[in-house]
Amino acid sequence: MAAQAQSSIFSALSYAGKALDGFKKAVDIEPNNLNYLSALMQFYINAPSIAGGDMEQGKILVDKINALDKKEGFYAKFSYYMQDDNDTALKKIIAEGQKQFPKDIAVHTTIGHAYWNDEKLTKAQEFFIKASKLPLQKNAKTNKIEQYEIDNHLESLYYTGRIANETKEHLDIGIKALNDYIEQVNNPKDERYQWAHFRLAQLYKFNQQQDEAETLFKWAYNNATDKKLKKKAKKQL
């Protein structure tokens, strides 16, 4: 068993080494390509040192990305200080992001997810609510609202409602957010769409709106493709 485990470790290290070599070659060919720089930076800050991870090299790339593009620089700095567990620097980056990009849905959604992953739900809820209320921005080059902008908007709506379930705070805002999410997605086969109905039903239940809650619990039970969701909905009926 020990030999098998050791073999698996060496295999994983071999794949990591090949990935690192690939990222480096890509950056050598196109040294100002933000996608390549970001991929190499993420490798350095996320991989363990034994597999090639290197926070110092990651920071060098963060600074280069920031010099090339301020918004991508925000995401790079944010990722770096999240991984570095530097709360002071992270708070500074968050404040800078809000100041530089006050109307950017993706920036606020990114910050919200960071707090969500860190189980700081009140702060996460604050940023998702902000993101959900921001108007969708057109791409300056295409003069169109891109799909990623729509996706981030929907993400902010869903998590605004989901966290309202967890915290039992801002119920009215959570109810509106999930209603908006359901209306905009309108895809009964989508599992998150199905979960949105269940979470909205919970919010109605918390808000003493029993008729609305029962209708949505029934919908979730009848339409769920996720066995876990179907089981949870059944318990509410």
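In what follows, the structure referred to is the one given above.
Residues numbered from 1 in each chain as written. Predicted model: local features only at pLDDT ≥ 70, side-chain atom pairs only at ≥ 80, totals over all residues. Heavy atoms only, no water.

Chemist: Whenever I open this one, the overall build of the protein chain confuses me. Can you help?
Modeler: Each helix and strand counted, the protein chain has 12 helices and 0 strands in total. Written out in order from the N terminus, the α and β elements of the protein chain read α-α-α-α-α-α-α-α-α-α-α-α. When the backbone C-alpha atoms are referred to their principal axes, the protein chain occupies close to 60 × 55 × 35 Å. Of all 237 residues assigned to the protein chain, the portion counted as buried reaches 41%. Counted over contacts in the protein chain with a minimum sequence separation of 6, partners at least 24 positions apart contribute 50%. Put simply, the protein chain shows about 13,900 Å² of open surface, and 49% of that area lies on carbon and sulfur atoms. (Helix = DSSP H or I, 4+ residues; strand = E, 2+ residues; numbered from the N terminus. Buried < 20%, exposed > 50% of the residue type's maximum accessible area, 1.4 Å probe, protein only. Contact = heavy atoms within 4.5 Å. Areas by Shrake-Rupley, 256 points an atom, 1.4 Å probe, with all protein chains shown as cover.)

Chemist: Explanation requested: the packing of aromatic side chains in the structure shown.
Modeler: To describe a pair of aromatic rings, one takes the distance between the centres and the angle between the planes. Under the criterion given, the structure shown has 14 aromatic pairs. Look at F43 and Y44: their rings are 6.5 Å apart centre to centre, the planes differ by 75°, and that puts the pair in the edge-to-face class. Take F43 and Y44: they sit in the same class, and that class is buried. Here the aromatic rings of F74 and F78 are separated by 5.8 Å at their centres, their planes lie at 35°, and the arrangement is tilted. On the criterion of helical spacing, the pair formed by F74 and F78 is a turn pair, its members being 4 residues apart in helix 4 (residues 70-84). Here a set of aromatic residues connected by ring pairs shows up, and it is made of W116, F128, Y158, Y159 and Y181. Above the ring of F206, the side-chain terminus of K168 is found at 4.6 Å from the ring centroid. (Phe/Tyr/Trp six-rings, centres within 6.5 Å; stacked < 30°, edge-to-face > 60°. Lys NZ or Arg CZ within 6 Å of the ring centre and 35° of its normal.)

Chemist: Explain the side chain of T167 here, please?
Modeler: One can find T167 in helix 8 (residues 147-167). There is a polar contact of 3.2 Å between the side chain of T167 and the backbone nitrogen of E169. Leave out the neighbours within four places in its chain, and T167 touches L121 and Q125. (Polar contact = N/O pair within 3.5 Å; in protein donor to acceptor, adjacent residues only side chain to side chain.)

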